[in-house]
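Each chain is listed here by its residues.
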Amino acid sequence: MLLSRQRRFPRAHRSVPAARRFALDTLAEWGYRGREDDVRICVSELVTNALLHGVPPGRELSLVLVGDGPLVRIEVRDSGGGSPEVRDAAVDDCGGRGLRLVMALADDFGVTPHHPGKSVWAVFKTDHTEVKDGEEGRGGVVEHARAH
């Protein structure tokens, strides 16, 4: 059974921990186990990159989670221009390692261009416990996170 959940987050630093919680809570609800640390780090990196480089002022980013058998896909979409670049950071650089980290932890990684914006995604092979009928929760529901 294909599971999907999406939530939008504001262009704010507090969206990073909120996105991590959303991702980990959703995957636990769906029965995905074994890659929580990898997912946590990759969601942090992709959301941070979107906030720093992709989300225009006044706009939001979207985090999409898809569960398909043993595979989990996380996707961060923004409406900004440009395309993420994997680069080599110098030893004393404070940043520039995020996409390399995502590439090292995920089983697959890529960028899908949109008009406007792009989606940066990562796929993970996981241990998956089938969700019983009637327990799939809110799969497919679009949720919105708003700042309080």
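Residues numbered from 1 in each chain as written. Predicted model: local features only at pLDDT ≥ 70, side-chain atom pairs only at ≥ 80, totals over all residues. Heavy atoms only, no water.

Engineer: How do you make sense of the overall build of the protein when you look at a structure like this?
Structural biologist: Check the secondary structure of the protein and you find 3 helices and 8 strands. Across the protein, helices and strands are ordered from the amino to the carboxyl terminus as β-α-β-α-β-β-α-β-β-β-β. Within the span of the protein, comprising 148 residues, buried residues form 40% of the whole. Of the contacts made within the protein by residues no fewer than 6 positions apart, 70% connect residues no fewer than 24 positions apart. Summed over all atoms, the accessible surface of the protein reaches about 8,300 Å², with 51% contributed by carbon and sulfur. (Helix = DSSP H or I, 4+ residues; strand = E, 2+ residues; numbered from the N terminus. Buried < 20%, exposed > 50% of the residue type's maximum accessible area, 1.4 Å probe, protein only. Contact = heavy atoms within 4.5 Å. Areas by Shrake-Rupley, 256 points an atom, 1.4 Å probe, with all protein chains shown as cover.)

Engineer: Could you clarify how one ought to interpret the confidence of the model for the protein in this entry?
Structural biologist: Note that predicted coordinates carrying low pLDDT should not be read in detail. For the protein, per-residue confidence averages 85 on the pLDDT scale, and 79% of positions sit at 70 or higher. Every residue in residues 135–148 is under pLDDT 50, and counting partners more than four places away or in other chains gives 34 contacts. (pLDDT = per-residue confidence, 0-100.)

Engineer: Explain the nonpolar core here, please?
Structural biologist: Counting 31 residues, the largest nonpolar core has V39, V43, V47, L61, L63 and I74 as the members making the most contacts within it. Of all the secondary-structure elements, those providing two or more residues to this core are β1 (2–10), α1 (15–30), α2 (36–54), β3 (60–68), β4 (71–78), α3 (98–105) and β6 (118–125). Residue contributions to this core peak at 8 residues, all from α1. (Core = buried A, V, L, I, M, F, W, Y, C linked by side-chain atoms within 4.5 Å.)

Engineer: Explain the pattern of salt bridges to me, please; I cannot follow it from the model alone.
Structural biologist: Here the idea is simple: oppositely charged side chains can pair when their charged atoms come close. Tallying each qualifying case throughout the model produces 7 salt bridges. Ionic pairing is found between R40 and D37, a salt bridge with its closest N-O pair at 2.6 Å. With R40 and D37 both in helix α2 and 3 residues apart, this pair spans about one turn of that helix. Close ionic contact of K118 with D78 constitutes a salt bridge, the shortest N to O distance being 2.8 Å. Placement of the pair is K118 in strand β6 and D78 in strand β4, with a sequence separation of 40 residues. On the basis of relative accessibility, which here comes to 5%, the residue D78 falls in the buried class. Among the ionic contacts, a cluster of salt bridges with common partners joins R35, D38 and D107. (Salt bridge = Lys/Arg side-chain N within 4 Å of Asp/Glu carboxyl O.)

Engineer: How should I be thinking about α2 in this particular structure?
Structural biologist: Along an α-helix, residues three or four apart share an orientation, since each turn contains 3.6 residues. Taking 1.5 Å per residue, 19 residues should reach 27 Å; α2 reaches 25 Å between its end C-alpha atoms and fits that length. For α2, every residue scored as buried is listed here: D38, V39, C42, V43, S44, L46, V47, A50, L51 and G54. Those residues of α2 hidden inside the fold are in contact with β1, α1, β3, β4, α3 and β6. (Expected span 1.5 Å × (residues − 1).)

Engineer: Teacher, can you tell me more about α1 here?
Structural biologist: Compared with the 22 Å implied by 1.5 Å per residue over 16 residues, the 22 Å span of α1 between its first and last C-alpha is a close match. Within the span of α1, buried status applies to S15, V16, A18, A19, F22, A23, L24, T26, L27 and W30. Two residues or fewer after α1 comes G31, characterised by a positive phi angle close to 90°.

Engineer: Honestly, empty space enclosed by the protein in this entry has me stumped. Any pointers?
Structural biologist: Rolled over the atoms, a probe sized like a water molecule indicates the empty space that remains. The final tally for this structure, using the stated rule, is 1 cavity of 30 Å³ or more. The space that makes up the largest cavity amounts to roughly 40 Å³. Lining of the largest cavity is provided by L27, Y32, R33, G34, R35, E36, V39, V72 and T126. Of all elements in the fold, only β2 (32–33) and α2 reach the threshold of two or more residues within the lining of the largest cavity. Here the lining of the largest cavity is built from residues that sort into 4 nonpolar, 2 polar and 3 charged. (1 Å grid on protein atoms, 1.4 Å probe; cavity = no way out; pocket = protein on both sides within 12 Å on 5 of 7 lines; lining within 4 Å. Points joined across faces, edges and corners; volume = space filled by probe spheres on them. Nonpolar A, V, L, I, M, F, W, Y, C, P; charged D, E, K, R; others polar.)

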